[in-house]
Amino acid sequence: MNTAESFAAICLAAVASDGVLGRDEARSLRVELDFRTPYSSMDEDVLVDLFDRLLLLWRQEGTEGLVRQALPQLNLEQRETALAVATQLVRVD
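Below: a short report on this structure. (Residues numbered from 1 in each chain as written. Predicted model: local features only at pLDDT ≥ 70, side-chain atom pairs only at ≥ 80, totals over all residues. Heavy atoms only, no water.)

## Quick look at helix 1 (residues 3-15)
Heads up, the condition is: Numbering of helices and strands runs from the N terminus, with a helix taken as a DSSP run of H or I at least four residues long and a strand as a DSSP run of E at least two residues long. Under the convention used throughout, the expected extent of a helix is 1.5 Å for every residue step, that is, one less than its residue count. Exposure classes here rest on a 1.4 Å probe applied to the protein chains alone. A residue is buried below 20% of its type maximum, exposed above 50%, and partly exposed in between. Contacts are assigned to residue pairs with any non-hydrogen atoms lying within 4.5 Å of each other. Here a polar contact means two N or O atoms within 3.5 Å. Within protein one must be a hydrogen donor candidate and the other an acceptor candidate, and residues neighboring in sequence count only if both atoms are side-chain atoms.
Between its first and last C-alpha atoms helix 1 spans 19 Å; for 13 residues at 1.5 Å apiece the expected length is 18 Å, and the two agree. Here helix 1 lies mainly inside the structure; 12 of its 13 residues are buried. Buried within helix 1 we find Ala4, Glu5, Ser6, Phe7, Ala8, Ala9, Ile10, Cys11, Leu12, Ala13, Ala14 and Val15. Each element contacted by the buried residues of helix 1 is listed here: helix 2 (23-34), helix 3 (44-70) and helix 4 (76-92). Looking at where helix 1 begins, the residue whose side-chain oxygen comes 3.0 Å from the main-chain nitrogen of Ala4 is Asn2.

This is the structure in structure tokens:
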């Protein structure tokens with residue numbers, strides 16, 4: 001998992017922490033990431049593939065497993081930012 005995948009994984013884990021990823025939650029996640037680097041410059045197909053892989057991993061490993069794999073790939077600043085974005089997503093949810 002690279003840093004872009006890891007950052008998105010933390011955010012996905014936040015919105016899916018209740019065990020459900022609804023349409024509105026997925027849309028909020030996508031909107032939040034669309035304005036951030038590197039996601040804003042990613043091709044649509046690349047983003048869809050990224051989220052498909054993360055969703056598969058989430059279904060297989062659960063929220064804790066997803067976070068456990070993502071956190072080591074992020075430096076402290078990236079972790080803090082990912083957790084801040086995740087907090088915002090949970091508050092909206």
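## Description of the nonpolar core
Going by this rule: Buried Ala, Val, Leu, Ile, Met, Phe, Trp, Tyr and Cys residues that are joined via side-chain atoms within 4.5 Å together make up what is termed a nonpolar core.
Core analysis: the largest hydrophobic core is formed by 28 residues, its most contacted members being Phe7, Leu12, Leu29, Leu33 and Leu66. If you list the elements that add at least two residues to this core, you get helix 1, helix 2, helix 3 and helix 4. The leading source of residues in this core is helix 1, at 10 residues. If sequence neighbours within four positions are ignored, Phe7 has contacts with Leu33, Arg36, Tyr39, Leu74, Gln78, Thr81, Ala82 and Val85.

## Regarding the layout of surface pockets
Using the following cut-off: Throughout, the protein atoms alone are placed on a 1 Å grid, and a set of points is a cavity if a 1.4 Å probe fits but cannot get out or a pocket if it is open with protein on both sides within 12 Å along at least five of seven lines; lining residues have an atom within 4 Å of a point. Grid points are joined across faces, edges and corners, and a volume is the space filled by probe spheres set on the points. Polar here means any residue outside two lists: the nonpolar Ala, Val, Leu, Ile, Met, Phe, Trp, Tyr, Cys and Pro, and the charged Asp, Glu, Lys and Arg; Gly therefore counts as polar.
A volume near 210 Å³ is recorded for the largest pocket. Taken together, Leu12, Leu21, Gly22, Ala26, Leu29, Arg30, Leu47, Val48, Phe51, Asp52 and Leu55 make up the full set of residues lining the largest pocket. Every element with two or more residues in the lining of the largest pocket is listed here: helix 2 and helix 3. For the lining of the largest pocket, the leading source of residues is helix 3, giving 5 residues. Here the residues of the lining of the largest pocket sort into 8 nonpolar, 1 polar and 2 charged. Every residue along the wall of the second largest pocket is listed here: Thr3, Ala4, Phe7, Arg36, Thr37, Pro38, Tyr39, Glu77, Gln78 and Thr81. For the lining of the second largest pocket, the secondary-structure elements that each account for two or more residues are helix 1 and helix 4. In the lining of the second largest pocket, the residues fall into 4 nonpolar, 4 polar and 2 charged.

## A look at the pattern of salt bridges
Just so we agree on the cut-off: The working definition used for a salt bridge is a side-chain nitrogen of Lys or Arg within 4 Å of a carboxyl oxygen of Asp or Glu.
Across all of its chains, the model carries 6 salt bridges by this definition. A salt bridge links Asp24 to Arg27, with the nearest nitrogen and oxygen atoms 3.1 Å apart. Within this pair, Asp24 and its partner Arg27 are both found in helix 2, separated by 3 residues, close to a single helical turn. Given a relative accessible area of 55%, Asp24 falls into the exposed group. The exposure class of Arg27 is partly exposed, given its relative accessible area of 47%. Residue Arg36 is joined to Glu32 by a salt bridge in which the shortest nitrogen-to-oxygen separation is 3.2 Å. By relative accessible area, which is 23% here, Glu32 ends up partly exposed. Sharing partners across several salt bridges, the network here consists of Glu5, Asp49 and Arg53.

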